[in-house]
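# Residue-level structural notes
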Amino acid sequence: RQAEFLLYDHIPEVLIGGATGGGKSDALLMAALLYADVPGYAALILRRTYADLALPGALMDRAQTWLHGTGARWNGLEKKWTFPSGATLSFGYLETETDKFRYKSSEFQYIAFDELTTFLETQYTYLFSRLRRLQAAPVPVRMRAGTNPGDVGHEWVKKRFIPDEALKGSVDDFFSRSWRKSSRIFVPARMEDNPALDRVAYDEALANLDPVTRKQYRHGDCKGHADGRFHHLW
């Protein structure tokens, strides 16, 4: 699923996720680094809060593990990697609605939202204004995201990326292939797609969750959430 996600370079907007453990965060970081050898390339990875960004094992910490000892240089004040080519990978957050204006004078060719359902739709759509490139630039312009069901953005993310027919079949049908809605692609992934994960131990940990959250995290169930009682297709 990660490889499929990376190969959609020609699609401006792609979401990966569904269940937990599918390797979506790694996929976002891989995609950000694809063009790190191109001068002028700029990538941005966002979490909702700085606390989320700075968590051990989160993407900023993971990038330290991946890039330590390479030619890339880390600026802790700006939360930015600069590569020998001059390309950059920055990390940021959008805790409040107005935080999106912090990027008002920036431009990127890659923007990724980690845990998209924690963001507001207005934050997501505004960042499209920061995606641009020079006419002859050799890199695509990409908006990417990864997420699980639930949280404040559950409904708008589902409406934007997941076609109704994807919700009508079984869980296995849902994860059997990628889905297209308009010009957007959703790549479903779950722990069975991640050979590096200790699935037995993680499954035991998820068994402690409440039934709704477990269905969302373990099975990628996006048909409903704890605040609702009706499926929109009913």
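My aim in this report is to walk through the structure given alongside it, one point at a time.

### A closer look at the pattern of salt bridges
Following the criterion strictly, the structure yields 11 salt bridges and no others. Between Asp 9 and Arg 142 there is a salt bridge, with the nearest N and O atoms lying 3.8 Å from each other. Of the two residues, Asp 9 sits in the loop between α1 (2-7) and β1 (13-18) while Arg 142 sits in strand β7 (residues 142-147), which places them 133 residues apart along the sequence. A relative accessible area of 1% places Arg 142 in the buried class. Arg 47 is the salt-bridge partner of Asp 114, the closest N and O atoms lying 3.5 Å from each other. Of this pair, Asp 114 sits in strand β6 (residues 110-114) while Arg 47 is found in strand β2 (residues 42-47), placing the two residues 67 residues apart along the sequence. Look at the salt bridges and you will find they share partners, linking Glu 13, Arg 160 and Arg 184 into a network.

### What about the packing of aromatic side chains?
Per the counting criterion, the structure on display carries 12 aromatic pairs. Taking 6.0 Å as the distance between ring centres and 55° as the angle between the ring planes, the aromatic pair formed by Tyr 35 and Tyr 41 counts as tilted. Accessibility classification places Tyr 35 together with Tyr 41 in one group, the buried group. Relative to Phe 91, the ring of Trp 74 has its centre 6.4 Å away and its plane inclined at 65°; by these criteria the two rings are edge-to-face. With Trp 74 in strand β3 (residues 73-75) and Phe 91 in strand β5 (residues 88-93), this pair connects stretches of sequence that are 17 residues apart. When its relative accessible area of 29% is taken as the criterion, Trp 74 is described as partly exposed. Taken together through their ring pairs, the aromatic side chains of Phe 113, Phe 119, Tyr 124, Phe 128, Trp 156 and Phe 161 make up a single cluster. The cationic tip of Arg 102 hangs over the ring face of Tyr 93; the distance from NZ or CZ to the ring centre is 4.8 Å. Sitting over the ring of Trp 179, Arg 177 keeps its end group 3.7 Å from the ring centre.

### A closer look at unusual backbone geometry
Despite not being glycine, Lys 79 has its phi angle at roughly 55°, a positive value. Along the chain, Lys 79 falls in the loop between β3 and β4 (80-82). Its relative accessible area of 19% is what places Lys 79 among the buried residues. Despite not being glycine, Ser 182 has its phi angle at roughly 60°, a positive value.

The rules behind each value
- Residues numbered from 1 in each chain as written.
- Predicted model: local features only at pLDDT ≥ 70, side-chain atom pairs only at ≥ 80, totals over all residues.
- Heavy atoms only, no water.
- Salt bridge = Lys/Arg side-chain N within 4 Å of Asp/Glu carboxyl O.
- Helix = DSSP H or I, 4+ residues; strand = E, 2+ residues; numbered from the N terminus.
- Buried < 20%, exposed > 50% of the residue type's maximum accessible area, 1.4 Å probe, protein only.
- Phe/Tyr/Trp six-rings, centres within 6.5 Å; stacked < 30°, edge-to-face > 60°.
- Lys NZ or Arg CZ within 6 Å of the ring centre and 35° of its normal.

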